[in-house]
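One-letter residues, chain by chain:
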Amino acid sequence: MSDAAAPAALRELFVEMNDLKRVHSAGRDGSIAERLFAQGWGLLTGGASPEEVALDIAATTLAATRLCDLDAAFLAAAGLSDAAASAVLVAGFDAVTGDLDPDLRDRLRARLAPRPPGRPGPVPSFVAALAKQPRAGVTCPGRARILLEPPENHAEHCLIVAVYGVCLSPFYRADPGTVFLAAMAHHFHNAAMPDAGFTGEMLLGDHLGPIMAVTTAWAMSELDAPLRGHVERARAVLPDDATAEGRAFHAADCVDRVLQIAQHLRGASTTMAAVLDEWELVHAGPVKGFHDRVLRDMRIP
């Protein structure tokens, strides 16, 4: 399997899911990805198993890919029954998951059925710290960095890598709970360590390893047993691609890092013709003819 081509069929899903780092809603702090990162850690400290949390958060993230913040909490507040809200979430999930592994897709879809919510535990302080820590942008030793605004934060990156990893786990024959937990914890050091990117790491030289060990230990100290042991074992797959879980994690991490930059480039290269003709910015409706005339008369664009 390690020699097989990575699953290109998941590309469009991953591109679309990546935008959850940038979707915000009134009355809710942070992006959807940032909030799901915190929700995942709350479920983990509440005693749920890594596999249960991996499936719950991945299913919720996939549904949000199209529905955004039309989530279970909002739908319930708006008066929908549990069954009706579940049907909406499943519709959003089904809209984007046609290319997932069928068995994984069924397992994730089942997590959107009405059931008692998990009981979250306390959210560790490293969660908020990672949400406030911007990622470095594009860096290379000997070159000035390329900053793309707005920057993503480390909580957003970790969440998307974790869900990508779950989606990729069947392809690499990896345990989804391990991949998810490794991804959720792979930037523990950045809760305290500012991100200077590859350039900063090279300039730190021999100091990099000890500093990362110290700052990682600060985050690990916030976790109690047995969760701390689960995290330590999951993080053991991070150094290389010698395991199925390591391959799934590193595939997810690489894809996310590149798609984050691709999103900025895609936005910068979009043409007005594409927005009007392909994306139907002025879409069909009872006043479309009038809208088109106004734009023509005013020579817009």
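Residues numbered from 1 in each chain as written. Predicted model: local features only at pLDDT ≥ 70, side-chain atom pairs only at ≥ 80, totals over all residues. Heavy atoms only, no water.

*Asks:* So, the overall build of the protein chain: which residues are in play, and what are the values?
*Replies:* For the protein chain, the helix and strand inventory stands at 15 helices and 0 strands. On C-alpha atoms alone, the protein chain measures out to a radius of gyration of 21 Å, which is about the 19 Å that the 2.2 N^0.38 rule sets for 301 residues. Seen through its principal axes, the protein chain has C-alpha atoms that stretch 65 × 55 × 45 Å. Burial analysis of the protein chain (301 residues in total) assigns 41% to the buried set. For the protein chain, restricting intrachain contacts to residue pairs at least 6 apart in sequence, the fraction spanning at least 24 positions comes to 73%. Summed over all atoms, the accessible surface of the protein chain reaches about 15,800 Å², with 59% contributed by carbon and sulfur. (Helix = DSSP H or I, 4+ residues; strand = E, 2+ residues; numbered from the N terminus. Rg over C-alpha atoms; globule rule 2.2 N^0.38 Å. Buried < 20%, exposed > 50% of the residue type's maximum accessible area, 1.4 Å probe, protein only. Contact = heavy atoms within 4.5 Å. Areas by Shrake-Rupley, 256 points an atom, 1.4 Å probe, with all protein chains shown as cover.)

*Asks:* Just give me the short version of the pattern of salt bridges, but keep the residues and values in it.
*Replies:* Using the criterion set out here, one finds 18 salt bridges in the structure. The shortest N-O distance in the salt bridge between Arg-28 and Asp-71 comes to 2.6 Å. Of this pair, Arg-28 sits in the loop between α1 (11–18) and α2 (32–45) while Asp-71 sits in the loop between α3 (50–67) and α4 (72–77), and the two are 43 residues apart along the sequence. Taking the shortest distance from any N to any O, the salt bridge between Arg-135 and Glu-152 comes out at 3.1 Å. Remark: Glu-152 occurs in the loop between α7 (125–132) and α8 (154–172) and Arg-135 occurs in the loop between α7 and α8; sequence separation between them is 17 residues. With respect to class, Arg-135 is no different from Glu-152; both count as buried. A single network of salt bridges, built from pairs that share partners, joins Lys-21, Arg-135, Glu-152 and Asp-256. (Salt bridge = Lys/Arg side-chain N within 4 Å of Asp/Glu carboxyl O.)

*Asks:* Give me the lowdown on the nonpolar core, citing residues and values where you can.
*Replies:* Within the largest apolar cluster, 73 residues are counted, with the highest numbers of intra-cluster contacts made by Met-17 and Trp-41. Considering every element that reaches this core, the biggest residue donor is α8, with 13 residues. In this view, Trp-41 contacts Pro-124, Phe-126, Val-127, Leu-181, Met-184, Ala-185, Phe-188, Leu-223, Leu-227 and Val-231; residues no more than four positions away in its chain are not counted. (Core = buried A, V, L, I, M, F, W, Y, C linked by side-chain atoms within 4.5 Å.)

*Asks:* Go over the packing of aromatic side chains, please, and point to the residues and values.
*Replies:* Taken as a whole and assessed by the stated rule, the structure comprises 5 aromatic pairs. Centroid distance Trp-41 to Phe-188: 5.7 Å. Interplanar angle 40°. Geometry classified as tilted. Within this pair, whereas Trp-41 is found in helix α2, its partner Phe-188 is found in the loop between α9 (176–185) and α10 (197–204), the two being separated by 147 residues in sequence. Here Phe-188 falls in the buried class, since its relative accessible area comes to 0%. (Phe/Tyr/Trp six-rings, centres within 6.5 Å; stacked < 30°, edge-to-face > 60°.)

*Asks:* Give a description of the packing of α9 against helix α12 (residues 227–235) that names residues and reports values.
*Replies:* Look at α9 against α12: their axes get within 8 Å of each other, and the N-to-C directions meet at 95°. It follows from the interaxial angle that α9 and α12 lie roughly perpendicular. Together, Thr-178, Leu-181, Ala-182 and Ala-185 of α9 and His-230, Val-231, Ala-234 and Arg-235 of α12 make up the contact between the two elements. Of the residues in the contact of α9 with α12, the class split is 5 nonpolar, 2 polar and 1 charged. (Axes fitted to C-alpha atoms, helices over the stretch in contact; angles between N-to-C directions. Parallel < 35°, antiparallel > 145°, perpendicular 65-115°, else oblique. Nonpolar A, V, L, I, M, F, W, Y, C, P; charged D, E, K, R; others polar.)

*Asks:* Provide a residue-level description of the environment of Val-214, including the pertinent values.
*Replies:* Along the chain, the position of Val-214 falls in helix α11 (residues 208–220). Note: C-alpha distance between Val-214 and Ile-300 (86 residues apart in sequence) is 57 Å.

*Asks:* Describe unusual backbone geometry, listing the residues and the values that go with them.
*Replies:* In this structure, the amide linkage connecting Ala-225 to the following residue, Pro-226, adopts the cis form with an omega of 5°. As for its placement among the helices and strands, Pro-226 is situated in the loop between α11 and α12. Cis geometry is found at the peptide bond from Ile-300 to Pro-301, where omega equals 5°. Locating Pro-301 in the fold gives a position in the segment after α15 (288–297).

*Asks:* Run through the environment of Ile-57, naming residues and quoting values.
*Replies:* Among the secondary structure elements, Ile-57 is positioned in helix α3. Note: C-alpha distance between Ile-57 and Gln-39 (18 residues apart in sequence) is 8.0 Å. If sequence neighbours within four positions are ignored, Ile-57 has contacts with Leu-36, Gln-39, Gly-40, Leu-43, Leu-159, Val-163 and Phe-180.

*Asks:* Give a description of the environment of Glu-280 that names residues and reports values.
*Replies:* Positionally, Glu-280 belongs in the loop between α14 (272–278) and α15. Each C-alpha atom of the pair Glu-280 and Arg-105 lies 31 Å from the other, and the pair is 175 residues apart in sequence.

*Asks:* Provide a residue-level description of the side chain of Ser-86, including the pertinent values.
*Replies:* For Ser-86, the location among the structural elements is in helix α5 (residues 82–96). The residues touching Ser-86, leaving out its near neighbours within four places in the chain, are Leu-112, Ala-113 and Pro-114.

*Asks:* Account for α2, with residues named and values stated.
*Replies:* Taking 1.5 Å per residue, 14 residues should reach 20 Å; α2 reaches 20 Å between its end C-alpha atoms and fits that length. Looking only at α2, the buried set comprises Ile-32, Ala-33, Leu-36, Phe-37, Gly-40, Trp-41, Gly-42, Leu-43 and Leu-44. Summarising the contacts, the buried residues of α2 are in contact with α3, α7, α8, α9 and α12. Among the residues trailing α2, Gly-47 stands out with phi positive, at a value near 105°. (Expected span 1.5 Å × (residues − 1).)

The values reported here are purely geometric and, on their own, carry no functional implication.
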